Amino acid sequence: MRQGDIIHGLVRGLAVVECFDEEHARMSITDVAQRTGLERATARRCLLTLVHLGYASYDGKFFELTPRILNLGHSYLAATPLPRLIQPFLEELSRATSESTSAAVLEGTDILYVARASTRRVMSINLAPGARLPAYCTSMGRTLLAALPAGEARAILERSELIAYTDRTKADMASITTELAVIAAQGFAVIDQELELGLCSIAVPLTNAAGQVVAAINIGAQTARSPTSRMIAHFLPLMRKLQSDLRPLLR
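The notes below deal with the structure included here. Quick caveat: nothing in here was measured; it's all calculated off a predicted structure. (Residues numbered from 1 in each chain as written. Predicted model: local features only at pLDDT ≥ 70, side-chain atom pairs only at ≥ 80, totals over all residues. Heavy atoms only, no water.)

With respect to the packing of aromatic side chains
What counts is decided by this rule: When the centres of two rings from Phe, Tyr and Trp lie within 6.5 Å, Trp using its six-membered ring, the rings pair. Their planes under 30 degrees apart give stacked, over 60 give edge-to-face, and anything left gives tilted. Only protein chains enter the calculation, and the probe is 1.4 Å; a residue is then buried if its accessible area is under 20% of its type maximum, exposed if over 50%, and partly exposed in between. Counted as over-ring charges are cases with an Arg CZ or a Lys NZ within 6 Å of the ring centre that also lie within 35 degrees of the ring normal.
One pass over the structure, following the stated rule, counts 1 aromatic pair. Note on Tyr58 and Phe63: the rings are 4.0 Å apart at their centroids and 10 degrees apart in plane angle, and the pair reads as stacked. The partly exposed category is assigned to Tyr58, whose relative accessible area is 39%. We classify Phe63 as buried; its relative accessible area is 0%. In this structure, Arg68 is placed above the aromatic ring of Tyr55, and the distance from its NZ or CZ to the ring centre is 5.0 Å.

In structure tokens, the structure reads:
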């Protein structure tokens, strides 16, 4: 792609939208400039444009995104058949296991949740479609990374901020790459309290008829209720069946 084909104003505007999150829901112009690296005047124009379009509100000091911003995510969900196709399978898996199930795709250094069937809230954050988590320390993220060529996966890890969220987190390059090799060989990933204490999860990749990995699904649960040994023994066979059922339907 040529640089002349890129609309840099759009790049800056999207950077402003993406800098808002749960911890930074209300920000001043200075806050946004600092989080995006943009000049203050540029950040101001982007923010006022978002206000003009109805994607943000302004009280004279702080800016907030409005519910209209959800239209951007809805456009992806409406235009992409994957979430609609996977959803009923996730709901069936959730009923069979009495646990929450999710599907995600790889987006940069993160996983992006595209579908979810939740029986109970297992994490301290909300994991609705559109939520993002680091790929390197999540079961679906590691499953998707393990499906990539080794060099490509390593490049993503090198761009990631490897944080040890708990004392169990594999947060160094050597440990993660070793784990990815194991996942690639066995065909599933297990996370045991690496992202949040008391939480474990198991994930498998979803492949299409051509053998390409298009997404990952997982089951997440409290460790006291469903330890990883139970997940592998009881949940993995159900997930394998779901893989097989979905394969001819995925593009």
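Description of the pairing of strand S9 (residues 213-222)
For the record, the criterion: Secondary structure elements are taken from DSSP: a helix is a run of H or I of four residues or more, a strand is a run of E of two residues or more, and numbering for both begins at the N terminus. The pairing criterion for strands is at least two bridges between them, as found by DSSP.
Burial analysis of S9 places 7 of its 10 residues in the buried class, which makes it a mostly covered element. Examined bridge by bridge, strand S4 (residues 100-107) and S9 share 5 bridges and lie antiparallel to one another. The partner of Thr101 across the bridge, within S9, is Ile219. Joining the antiparallel neighbours strand S8 (residues 199-207) and S9 is a turn of 5 residues, in which Gly211 adopts a positive phi near 85 degrees.

Some remarks on the sheet that holds S4
Operational definition: All axes here are fitted lines through C-alpha atoms, helices being fitted over the stretch that makes contact, and every angle between N-to-C directions spans 0 to 180 degrees. Here, two residues are considered to be in contact whenever any of their heavy atoms come within 4.5 Å of each other.
Strand order in the open sheet made by the 6 strands is S6-S5-S4-S9-S8-S7, with antiparallel pairing throughout. The sheet is open, and its two borders are formed by strand S6 (132-134) and strand S7 (189-192), each paired with just one other strand. Neighbour-to-neighbour, the strand axes of the sheet open up by a mean angle of 30 degrees, direction not taken into account. The strands that helix H5 (residues 81-97) touches are S4, strand S5 (110-117), S8 and S9; relative to S5, the one it contacts most, it runs at about 65 degrees. Its contacts with the sheet place helix H6 (residues 139-146) against S4, S5, S7, S8 and S9, and it is angled at close to 150 degrees to S9.

Some details on the sheet that holds strand S1 (residues 26-27)
Taken together, 3 strands build an open sheet; the order of strands is S1-S3-S2 and the sheet is antiparallel. The outermost strands of the open sheet, each flanked by one partner alone, are S1 and strand S2 (56-58). Summarising the sheet, S2 and strand S3 (residues 63-65) pair through 3 bridges and their orientation is antiparallel. By the bridge assignment, Tyr58 is partnered in S3 with Phe63.

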